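# Summary of structural features
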Amino acid sequence: MSSTDENAGFGRRSFLIGSAAALSTSVLGTGFAQAATPDEDGSSLWLRYPVVDDPGLLARYRAAVTAIVVENAGRTKVHRHTAHLAMAPGSSEHLVETTLQAARDELVRGLGGLLGRPVPVRDAPGGRIPAGAVVAGTPASSPVIRRSVPAQDLAPLGDDGYLLRSVRGATVIAGNTDLAVLYGTFAFLRRLQTRQAITPLDVSSAPRIRRRYLNYWETERLYAGNNATGTGGLNGENGAIFDFTATGASAALNLPVILDRYLVAARAMASVGINGITINNVNANSFYLTAAAIKQEAALADALRPYGIRLAVSVNYAAPTDARFAPDTLTREQLDPYSAQFRDWWARRARQLQAAIPDFIGFTVKANSEGQPGPQDLGYDHRDGANALAAAVAPLGMRIFWRTFVYNAEVDRDRLKRPYLEFGPLDGKFAENVFIQTKNGPLDYQAREPVHPLFARMEHTDQAIELQITQEYTGQNTMLCYLGPLWEEVLKADTYATDEHGRLLPRRRVGDIVEGTTRDRPDSAIIGVANLGNATNLTGHHFAQANFFAFGRLAWDWTAESGRIAEDWVRMTWGHHPDVVRTIVAMMAGSREAVVNYQTPLGVAHQFRSSDHYGPAPGERLSRDDWSPVYYNQADTAGLGYDRSPTGSGFTAQYFPVLAARYGDIDRVPEELLMWFHHVPWDRRLRSGRIFWDELVSRYDLGVGYVTWMRHAWDSLATRLDARRFAEVKAKLAAHETDAAGWRDTCVGYWKQFSGREVPADGPLSVAVEVAGVSSATGRIPVPTGASPRITKVVPADSAARAEVLAQPRSVPGKGIVRVTAASPFGPVVKDHVVELVPTGGEPG
Ligand code: BDP
């Protein structure tokens, strides 16, 4: 067996690839005291605050930070409804009454941890700033801030923006509101957590989008529960992060009792600026509107309020007919959106909520979609329904988030055309307190989709974008898939929207539309379908925490780079050794593209097994066309993909002209979207020079090869990470690799029946191997019995690839292993080939 030091080899070579692999240059500190790393369980998310392990940097941070000053921290108490709000016995988190206390306590915890010694909380006697103090406050709460930060510097920051500034030997964290100060606190701590300079400091930041919310689907599409499969809970808990209805031994944990994990989640949300959460699934259970639930929700709202997180609930349009509200119920006919009974019913419910939760946001609604009731059941349209609820809650200052995820089969044969056909004509007709809420793509959270045409087409309506953080279609709690690049791609996508005269609008990217600057919309919202559960690490996969983090960071500033966000997260979550940062950032960088390639390459959409949306089922045909993989792949002997061009379904016409022309033309459509828009002939020549079939197969192979590379790259970090988290991720990567290969093999095997072609032996990861003078690229080499079984030559198909013999065959027959390492457009890829020596019977010549 000839082996190489694979880890060293991978370490040197692979990190040159991929833009996100470049480390930020402003990071401080070079020393790494590498003591044995204590085990961690991931339960603090990125709010770990381990002591800075670079002695020089630690000394500088300690010199700059010697005290914490938060004047009048206890003065502005947030509303609390619940009389005896309390944590569960034995909790380690604690409740606070003000947002400034939350900020102060985070500084105490964070700075104490990072600096490895307690940092005292001090007063500022006579308004004097102690040197080395970190002073946090607003001009209203803090005389020091009032004196040291000119009002005009704070004015542009709005309600949520913050400023961090060095002032006469101290550091101020200032904002116009207590919540802004909390955001600034987390931003300041993040600087230390990511090893940025903290002196001299003068930075400010304000969010581009006002409402940065999570939609939390409790147990639906939950991959973060604490049971063995990760999808449910133990001991009467159902796996959801918030306990409303736990039974048995866990009944004592139900709200209004507050659990540690609620506050960890709240701190984590605030640390990235998330300011609202719809707490239940869009297929809404009306339980959340009952008096008993409202009491529990009020307690949750009380606990989250200091962190600036407001609550909303998802509602069922027909909730008024639900017997749980008897005697306050309506008949089916009274669900007419224009009936006073209907509006009054919702107004009553909203008033009950507001009495318990004064800052209640409003309702999220999934109507006339996937079996949910809605106004169409009574002959009305989405506008009628949305505006009815909006009218009911408007006097209370609440909002309605009406989802556009509709695909009524009667509207059009092509599912992708349906939302626009239903909603497009309603643009500009929604009430002021209505957001329409649209998924990033026209189908359903696939690893890659073209942007939803509605964004550019509903410009006279407030639009919220809905992104899925929970990885329903992107590997659930098994696959390592960093979604930052997906969301960055979506938010920065150019819609080429034009004005009434056909002139391109200056600000027309999806992010511009969402933030409302395309046409000066008054309000803005971005929504992430959350991935939080009651697993110890809250997300089920340690790397799923990165998606929660990245969502928040992009919600605050969608122009940020996902690679930089990944680097922040890695430093905060895994440490700072250059090997750790480079390796993990590089792994994350291509992980989403890898998923695209081994699941749905070149734009073939939705090939998921219907039972769980995890594994492949390209041949599945279900009761509904538009749930069936075969409907999306349209595989036949001519080719593969759904023709949505002008000669196909015509979906491309829903885009503005530049995109319509680009997507509608098979010669011009970006190849990664090819099969979203075209039925592609098997022998069509693609840009690589290969025919479609060959390219398709090689994409699957590259996707799997990236996962293999990630597994090796992770292994190289064994000594640099804590054993527990290292082992947990290692186990996930092994399963990930197996399942990725399963995707490739199932899909390629299925397509082959239609293409009628052999699986090409000359893909980018293939290799020709020579034994006893016979060379073969098929993996099977005919060798005369008695000839030397040694592999004497390996030639990778890709001349830039590296090939190495990992194991020589010992005899004929026998097996050897050859590893090929190559570069793909999205990062390094590795494939181990088993080479089989087949005896020919002849004597060696
Ligand atoms: C699909 C999910 C389903 C949701 C639906 C939605 O499979 O659980 O209810 O989206 O967004 O992706 O309404």
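Residues numbered from 1 in each chain as written. Predicted model: local features only at pLDDT ≥ 70, side-chain atom pairs only at ≥ 80, totals over all residues. Heavy atoms only, no water.

Under the convention used in this document: UniProt positions are given in the numbering used here, feature names are shortened, and annotations may be inferred rather than shown by experiment.
Under an unreviewed UniProt entry, the name given to the chain is Xylan alpha-1,2-glucuronidase, and the organism recorded is Amycolatopsis melonis. You can read under Catalytic activity (unreviewed entry) in the UniProt record for the chain the words "Hydrolysis of (1->2)-alpha-D-(4-O-methyl)glucuronosyl links in the main chain of hardwood xylans."

### Quick word on the overall build of the chain
In plain terms, the rule: By definition, any uninterrupted DSSP run of H or I lasting at least four residues is a helix, any uninterrupted run of E lasting at least two residues is a strand, and each is numbered from the N terminus. Note that the radius of gyration is over C-alpha atoms, with the globule rule given as 2.2 Å times the number of residues to the power 0.38. Relative accessibility decides the category of a residue: with a 1.4 Å probe and only protein chains considered, values under 20% of the type maximum give buried, values over 50% give exposed, and everything between is partly exposed. The protein chains shown are the only cover counted for residues, whose accessible areas, like all others here, come from Shrake-Rupley with a 1.4 Å probe. In this tally Asp and Glu are treated as negative and Lys and Arg as positive; neither His nor the chain ends contributes. Positions of charges follow a simple convention, taking NZ of Lys, CZ of Arg, CG of Asp or CD of Glu.
Of the regular secondary structure elements, the chain holds 22 helices and 22 strands. Taking 28 Å as the expected radius of gyration for a compact globule of 845 residues, we find that the chain reaches 29 Å, a close match to that expectation. Its C-alpha atoms put the chain at 95 × 70 × 60 Å along the principal axes. Across the 845 residues in the chain, those meeting the buried criterion constitute 62%. Of the roughly 29800 Å² of accessible surface on the chain, a fraction of 51% belongs to carbon and sulfur atoms. Across the chain, the 88 positively charged side chains and the 90 negatively charged ones have centroids separated by 4 Å.

### Regarding the UniProt feature "domain: Glycosyl hydrolase family 67 C-terminal" (unreviewed entry) in the chain
With numbering matched to this structure, UniProt assigns "domain: Glycosyl hydrolase family 67 C-terminal" (unreviewed entry) to residues 539-761. The distance separating the terminal C-alpha atoms of residues 539-761 is 40 Å; by composition the span is 54% helix and 2% strand.

### A short note on a positive patch on the surface
Defined as follows: Exposure above 30% relative accessible area and the lack of any salt bridge qualify a residue for a patch; like charges then connect within 9 Å, and the nonpolar side chains Val, Leu, Ile, Met, Phe, Trp and Tyr within 5 Å. The salt bridge criterion pairs a side-chain nitrogen of Lys or Arg with a carboxyl oxygen of Asp or Glu, the two atoms within 4 Å.
Residues Arg75, Arg146, Arg147 and Arg168 make up a contiguous surface patch of positive charge. Mapped onto the elements, Arg146 comes out in helix α4 (residues 143-148).

### Looking at the site of the ligand
Rules: Think of it this way: one heavy atom of a residue within 4 Å of a molecule or strand is enough to make that residue near it. Polar contacts, as counted here, are pairs of nitrogen or oxygen atoms within 3.5 Å of one another; within protein the pair requires one atom able to donate a hydrogen and one able to accept it, and residues that are adjacent in sequence qualify only if both atoms are side-chain atoms. Throughout, the ten residues Ala, Val, Leu, Ile, Met, Phe, Trp, Tyr, Cys and Pro are labelled nonpolar, Asp, Glu, Lys and Arg are labelled charged, and all others, Gly among them, are labelled polar.
Taken together, 15 residues lie around the ligand, and Glu220, Lys366, Arg403, Asp444 and Glu472 are the ones closest in. Here Asn283 contributes a side-chain N or O atom positioned 2.9 Å from an oxygen atom of the ligand. With respect to the ligand, the side chain of Glu472 contributes an N or O atom lying 2.5 Å from an oxygen atom. Expressed as a share of its isolated accessible area of 320 Å², the protein-covered part of the ligand is 97%. Considering only residue class, the shell around the ligand consists of five nonpolar, two polar and eight charged.

### Considering empty space enclosed by the protein
Gaps left between atoms show up when a probe the size of a water molecule is rolled over them. Test applied: Every definition here rests on a 1 Å grid over the protein atoms only: cavities are sets of points where a 1.4 Å probe fits but cannot get out, pockets are open sets enclosed by protein on both sides within 12 Å along at least five of seven lines, and lining residues have some atom within 4 Å of a point. Grid points are joined across faces, edges and corners, and a volume is the space filled by probe spheres set on the points.
Evaluation of the coordinates by the stated rule reveals 10 cavities of 30 Å³ or more. The space that makes up the largest cavity amounts to roughly 80 Å³. Only β12 (462-468) and α13 (484-491) provide two or more residues apiece to the lining of the largest cavity. Residue composition of the lining of the largest cavity, by class: six nonpolar, six polar and one charged.

### Some thoughts on the pairing of strand β4 (residues 170-175)
Put simply, the rule is: DSSP calls a pair of strands paired once it identifies at least 2 bridges connecting them.
With six of six residues buried, β4 is to be regarded as a mostly interior element. One ladder, built from four bridges, connects strand β2 (residues 133-137) with β4; its direction is parallel. The partner of Val134 across the bridge, within β4, is Thr171. Sheet topology note: the strand β3 (residues 162-167)/β4 ladder contains six bridges and is antiparallel. Considered in β4, the bridge of Leu164 is made with Ile173. Once β3 ends, the chain turns through two residues before running back antiparallel as β4, passing Arg168 with a positive phi of about 45°.

### Observations concerning the domain arrangement of the chain
Interfaces are often sized by the amount of accessible area the parts lose when they come together. To keep things clear, this is the line we draw: Domain extents, as shown, originate in an automatic or database domain assignment. Summed over both partners, the accessible surface that disappears when two parts come together, traced with a 1.4 Å probe, is what is meant by buried area.
Here the chain is partitioned into domain 1 (5-30 + 761-839), domain 2 (55-205), domain 3 (211-535 + 543-576) and domain 4 (598-642 + 679-755). On a C-alpha basis, the centres of domain 3 and domain 4 stand 29 Å from each other. Ranking the residues of domain 3 by area buried against domain 4 places Tyr473, Met479 and Trp574 at the top, with a combined share of 29%. Where domain 3 touches domain 4, the interface holds two salt bridges. Connecting domain 3 to domain 4 are 15 residue pairs in polar contact (both at pLDDT 80 or more). For the side of domain 3 that touches domain 4, the per-class residue count stands at eight nonpolar, six polar and six charged.

### Quick look at the nonpolar core
Across soluble globular proteins, nonpolar side chains have a tendency to be buried as a group. Applicable threshold: For our purposes a nonpolar core is just a set of buried Ala, Val, Leu, Ile, Met, Phe, Trp, Tyr and Cys residues, chained together by side-chain atoms within 4.5 Å.
With 249 residues, the main nonpolar core has Phe188, Phe363, Trp714 and Trp751 as its most contacted residues. Of all hydrophobic cores here, the second largest spans 16 residues; its members include Val69, Ile129, Ile145 and Ala170.

### Regarding the UniProt feature "domain: Alpha glucuronidase N-terminal" (unreviewed entry) in the chain
UniProt marks residues 91-187 with the feature "domain: Alpha glucuronidase N-terminal" (unreviewed entry), using the numbering shown here. Helix makes up 38% of residues 91-187 and strand 18%, whereas the separation of the span's terminal C-alpha atoms amounts to 26 Å.

### Quick notes on the pairing of strand β21 (residues 814-824)
Within a regular strand, the side chains alternate between the two sheet faces. The buried fraction of β21 is high, at eight of 11 residues. What sits between the antiparallel neighbours strand β20 (residues 802-807) and β21 is a turn of six residues. Note: β21 against strand β22 (residues 827-839), 11 bridges, orientation antiparallel. Counted as the bridge partner of Ser824 is Gly827 from β22. Between the antiparallel neighbours β21 and β22 lie two residues.

### Here's the deal with the packing of helix α3 (residues 99-115) against helix α6 (residues 178-193)
Helix packing geometry: the angle between the two helix axes and the distance between the axes. Filter applied, for reference: Only the stretch in contact is used when fitting a helix axis, every axis being a line fitted to C-alpha atoms; angles between N-to-C directions are given from 0 to 180 degrees. Any angle that is under 35 degrees is reported as roughly parallel, and any over 145 degrees as roughly antiparallel; angles of 65 to 115 degrees are reported as roughly perpendicular and all others as oblique. Contacts are residue-level and defined by heavy atoms, with any inter-residue pair within 4.5 Å sufficient.
Running from amino to carboxyl end, α3 crosses α6 at an angle of 10°, the nearest separation of the two axes being 8 Å. On the basis of their axis angle, the class for α3 and α6 is roughly parallel. Judged by residue contacts, Thr99, Leu100, Ala102, Ala103, Glu106, Leu107, Gly110, Leu111, Leu114 and Leu115 of α3 engage Asp178, Leu179, Val181, Leu182, Thr185, Phe186, Phe188, Leu189, Leu192 and Gln193 from α6.

### Focus: the packing of helix α9 (residues 340-356) against helix α10 (residues 382-393)
Let me state the cut-off plainly: Each crossing gets its handedness from the near helix: less than a right angle anticlockwise from the far helix is left-handed, clockwise is right-handed.
As a packed pair, α9 and α10 sit with axes 8 Å apart at the nearest point and diverge in direction by 50°. By the angle class used here, α9 and α10 are oblique. Pair α9 / α10 crosses with right-handed handedness. Touching Phe342, Arg343, Trp346, Ala347 and Ala350 of α9 are Asn387, Ala388, Leu389, Ala391, Ala392 and Val393, all from α10.

### A short note on helix α21 (residues 692-715)
Selection rule: For a helix, the expected span equals 1.5 Å multiplied by the number of residues minus one.
The end-to-end C-alpha distance of α21, which contains 24 residues, comes to 35 Å, matching closely the 34 Å that a straight helix rising 1.5 Å per residue would cover. A large share of α21 lies buried, amounting to 23 of its 24 residues.

### As for the environment of Glu237
One can find Glu237 in the loop between β6 (211-215) and α7 (260-271). Between the C-alpha atom of Glu237 and that of Ala249, which follows or precedes it by 12 residues, the distance is 9.1 Å. A polar side-chain atom of Glu237 sits 3.0 Å from a polar atom in the side chain of Arg261.

### Re the sheet that holds strand β19 (residues 791-796)
With antiparallel pairing, three strands are arranged side by side in an open sheet as β17-β16-β19. The open sheet has two edge strands, β17 (774-776) and β19, and neither has a second partner. Going from strand to strand, the sheet's axes swing by 15° on average, the running direction of each strand aside. As judged from the three bridges shared by strand β16 (residues 767-771) and β17, these two strands associate in the antiparallel manner. By the bridge assignment, Val769 is partnered in β17 with Ser776.

### Considerations on the environment of Glu561
Checked against the element boundaries, Glu561 lands in the loop between α15 (544-556) and α16 (562-573). Discounting chain neighbours no more than four positions away, the residues touching Glu561 are Glu488 and Lys492.

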